Amino acid sequence: MADQKKKKLTPTQQQYQQLAKRHEPPRPLLKNFVRAFLVGGLICLLGQAIQEGFIHYFHFTEKTAGNPTVAVLIFLSALLTGLGVYDRIAQWAGAGTSVPVTGFANSIASAAIEHRSEGFVLGVGGNMFRLAGSVIVFGVTSAFVIGLIKTLIRMGG
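Residues numbered from 1 in each chain as written. Predicted model: local features only at pLDDT ≥ 70, side-chain atom pairs only at ≥ 80, totals over all residues. Heavy atoms only, no water.

Going by what an unreviewed UniProt entry lists, the protein is known as Stage V sporulation protein AC and is assigned to Brevibacillus thermoruber.

Listed below in structure tokens is the structure:
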């Protein structure tokens, strides 16, 4: 879209775009919102149930149950991605499956599966962490900025 704004379109191209817009089916926004909400909520509910299981059956505290809960969600997401189930759920639910932990695990596992024919090092390893690198850099940078702001607030007040 950004390239089209910079580039002048010929009258024929403009006519074609208008025709395409008229014949484009309307997006079912409400249905998409409801599906995303339901699936995202179910993923969060599953995470909460796993955390409660760690607390009640393995005697974790609420604070220490978080890490194994995240690990289980990542494992389940990667497993379902490998089996092709997560992608079918994502087709139906849309943005609801992009809940941070499971969506991130899905994107890494998908990249690994997609590039496995190129070998383990250059294919799987090289492409699997392409997305992970930017997310990790963003997370570290955000944590630093938040820590800096918190320190400045404590020093000032």
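Caption draft 1: Local environment of unusual backbone geometry. Backbone geometry at His 59 places phi at a positive 60°, although glycine is not the residue there. Among the secondary structure elements, His 59 is positioned in the loop between helix H3 (29-57) and helix H4 (66-82). (Helix = DSSP H or I, 4+ residues; strand = E, 2+ residues; numbered from the N terminus.)

Caption draft 2: Here's a closer look at H3. A rise of 1.5 Å per residue sets the reference length of H3, with its 29 residues, at 42 Å; its end C-alpha atoms lie 41 Å apart and thus fit the reference within 8%. Ala 36, Val 39, Gly 40, Ile 43, Gly 47, Ile 50, Gln 51, Gly 53, Phe 54 and Ile 55 are the residues of H3 that are buried. Each element contacted by the buried residues of H3 is listed here: H4, helix H5 (85-93) and helix H6 (100-114). (Expected span 1.5 Å × (residues − 1). Buried < 20%, exposed > 50% of the residue type's maximum accessible area, 1.4 Å probe, protein only. Contact = heavy atoms within 4.5 Å.)

Caption draft 3: Up close: the UniProt feature "transmembrane region" (unreviewed entry) in the protein. Per the UniProt annotation, the sites labelled "transmembrane region" (unreviewed entry) are residues 32-50, 70-86, 93-113 and 133-153. In this annotation, residues 93-113 is assigned 71% helix and 0% strand; the end-to-end C-alpha distance for the span is 22 Å. Regarding residues 133-153, the helix share stands at 100% and the strand share at 0%, and the terminal C-alpha atoms are separated by 30 Å. (UniProt positions renumbered as here; feature names shortened; annotations may be inferred.)

Caption draft 4: Focus on the packing of aromatic side chains. Following the criterion strictly, the structure yields two aromatic pairs and no others. Seen from their ring centres, Phe 54 and Phe 58 are 5.7 Å apart, and the 40° between their planes marks the pair as tilted. A ring pair is formed by Phe 54 and Phe 60, whose centres lie 5.4 Å apart and whose planes are at 75°; its orientation type is edge-to-face. Residue class for Phe 54 comes out buried when judged on its relative accessible area of 15%. We classify Phe 60 as partly exposed; its relative accessible area is 29%. Of the aromatic side chains, those joined through ring pairs into one cluster are Phe 54, Phe 58 and Phe 60. (Phe/Tyr/Trp six-rings, centres within 6.5 Å; stacked < 30°, edge-to-face > 60°.)

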